[in-house]
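Descriptive structure summary
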Amino acid sequence: MLNRRILRVKAFQNLYAFEQCKGSNLNIARDFIRESFLPDLNSMEVQDKPALTKDAEEAVKLFDQNLESTSLLKASDAKPKIKQVVLEAIKQFHAANEKDRQFMLKNMVTSAERIPQLYLLAIELLQAFAKHVEKEVEKKKKLAGENPIAFSNELNLANNQVLKIIRESPTYRAAIARNNVNLEDLELELKEWFRDYIKPSETYQAYLQLANPTLDQDYEAADDLLKKVIFKNEVILNLFSEKDLNWTENKSVVRSLASKVLKNASSADALEAEQLPEIAINWDEDKEFFQNIFNFTIENIDSSKALIAQKTKNWDIERLAFTDKIIISMAIAEMKNFPSIPVKVSINEYIDISKTYSTPKSKQFVNGLLDVLAKELTDSGQIRKSGRGLLDNK
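Residues numbered from 1 in each chain as written. Predicted model: local features only at pLDDT ≥ 70, side-chain atom pairs only at ≥ 80, totals over all residues. Heavy atoms only, no water.

1. Examining the nonpolar core
With 56 residues, the main nonpolar core has Tyr119, Leu125, Phe129, Leu157, Phe240 and Leu262 as its most contacted residues. The set of elements that each furnish at least two residues to this core consists of helix H4 (80-144), helix H5 (161-167), helix H6 (170-178), helix H7 (187-198), helix H8 (202-208), helix H9 (215-229), helix H10 (234-243) and helix H11 (247-265). Among the nonpolar cores identified, the runner-up in size contains 42 residues, and Val9, Ala331, Met335 and Ile383 belong to it. (Core = buried A, V, L, I, M, F, W, Y, C linked by side-chain atoms within 4.5 Å. Buried < 20%, exposed > 50% of the residue type's maximum accessible area, 1.4 Å probe, protein only. Helix = DSSP H or I, 4+ residues; strand = E, 2+ residues; numbered from the N terminus.)

Right, here's the structure in full:
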């Protein structure tokens, strides 16, 4: 379920950002109301500041009460100007939210589509460093002439079996071409990065001490260089951040996928398998999945918060971790709207997300609350499973 897990994380990240945007839009709308009742400095009439302040606060209160429905506003005996300002503020608030929703939805898809390019770029950096080593050793051999100097250990990275398996894989080459991964314009930078960061690293120096490394040793060296040098060095990582506006959120996912490519190639049957952890096996289907998760969660966020509030009566809903509310709301939306996904799969996926993105106590809280909600929603018929979802829940 690696692919779907990545997509759930991307949906969560963008839902989190969207909720923050809604909070900002709410404050902007309230500021608009208060500014509408500031004294008119250009007016020749006497300005009653206390009355204007009172009108502003009444308008803000009506605004908060009528965000979802303007029925109370219409029935209110408030002044015409107050009603007019509140209606305009509500209109602006919902328009801003919709604009942000569409932006986040588009950003979510674009960000997910870019992930294959990024993890392949990480592997290509390792390949480029291996090629650099080969060129440098060739130069040394030419300068050495017939002197009996051994260069075999220096070629360990160039001869790395795991990188060779990946490099010669038709699947990999096709993915490189399809995702437009190219380092040709970085020849000078690659030389400097190797000299300054790869060569002095403990991982690389230890690797040079090995005579005829095994496949496992080649994998460990490549994976360590990936995780301990490439993904720890801000200079090298600037290459990724320049290509991806969401790099901060995508970094851990990209590192995991790049490492999985190396792991796949280190298996005994790697030559036959030629497998890459693609972001999605069926992209159209998976894109629809996480777009729906995003939209269903937003559409039902109020009812989900109400469910959470019912089960946490001893807690103020606003005191719960902001991330927990989003995670639980996503899980509820998934359990109710995707009949083929087993309830226990959904719960486990969102528990894992809470481990990474929420508080230390969130795992137990999310697990306990989702177990209770899943049972009640199933008993009430709001969760109905079919196909695999039904079979796996038995």
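2. What about the packing of helix H15 (residues 322-337) against helix H16 (residues 343-357)?
At a minimum axis separation of 10 Å, H15 and H16 run at an interaxial angle of 165°. Judged by the inter-axis angle, H15 sits roughly antiparallel to H16. Here the hand of the crossing between H15 and H16 comes out right-handed. Note on element contacts: H16 touches H15 through Val343, Ser346, Ile347, Tyr350, Ile353, Ser354 and Tyr357, opposite Thr323, Ile327, Met330, Ala331, Glu334 and Met335. Class assignment for the residues of the contact of H15 with H16 results in nine nonpolar, three polar and one charged. (Axes fitted to C-alpha atoms, helices over the stretch in contact; angles between N-to-C directions. Parallel < 35°, antiparallel > 145°, perpendicular 65-115°, else oblique. Left-handed = near helix turned anticlockwise from the far one by under 90°. Contact = heavy atoms within 4.5 Å. Nonpolar A, V, L, I, M, F, W, Y, C, P; charged D, E, K, R; others polar.)

3. Details of the pattern of salt bridges
Scanning all chains against the criterion turns up 22 salt bridges. A salt bridge links Asp286 to Arg4; its shortest N-O distance comes to 2.7 Å. With Asp286 in helix H13 (residues 283-299) and Arg4 in helix H1 (residues 2-36), this pair connects stretches of sequence that are 282 residues apart. Here Asp286 falls in the buried class, since its relative accessible area comes to 7%. (Salt bridge = Lys/Arg side-chain N within 4 Å of Asp/Glu carboxyl O.)

4. Observations concerning helix H14 (residues 301-311)
Of the residues making up H14, those classed as buried are Ile301, Ser304, Leu307 and Ile308. For H14, the arc enclosing every buried residue in end-on projection is 120°, short of the 170-degree limit, so these residues lie on one face. (Arc of directions from axis to C-beta.)

5. Examining helix H2 (residues 49-65)
Given 3.6 residues per helical turn, the α-helix brings residues three or four places apart onto the same face. For H2, with 17 residues, the first-to-last C-alpha span of 24 Å sits near the 24 Å given by 1.5 Å per residue. All of the buried residues along H2 are Leu52, Asp55, Ala56, Ala59, Val60, Leu62 and Phe63. Buried residues of H2 fall within an arc of 165° about the axis and therefore sit on the same side. For H2, the exposed residues set more than 90 degrees away from the buried face come down to Pro50, Lys54 and Lys61. (Expected span 1.5 Å × (residues − 1).)

6. Re the environment of Ser346
Within the secondary structure, Ser346 sits in helix H16. Separated by 15 residues in sequence, Ser346 and Ala331 place their C-alpha atoms 6.2 Å apart. When residues no more than four places from it in sequence are discounted, the contact partners of Ser346 are Glu334, Met335 and Ile341. Engagement of the side chain of Ser346 in a polar contact is seen with the side chain of Glu334, the distance being 2.6 Å. (Polar contact = N/O pair within 3.5 Å; in protein donor to acceptor, adjacent residues only side chain to side chain.)

7. Some words on the packing of aromatic side chains
Counted by the stated rule, this structure contains 12 aromatic pairs. Look at Phe231 and Phe240: their rings are 5.8 Å apart centre to centre, the planes differ by 35°, and that puts the pair in the tilted class. Taken individually, Phe231 and Phe240 each receive the classification buried, so the pair is uniform in this respect. Ring pairing ties together the aromatic residues Phe12, Tyr16, Phe322 and Tyr357, which thus form one cluster. The residue whose ring lies beneath Arg4 is Phe289, and the NZ or CZ to ring-centre distance is 4.1 Å. Here Lys81 stacks its cationic end above the ring of Phe37, 4.9 Å away from the centre of that ring. (Phe/Tyr/Trp six-rings, centres within 6.5 Å; stacked < 30°, edge-to-face > 60°. Lys NZ or Arg CZ within 6 Å of the ring centre and 35° of its normal.)

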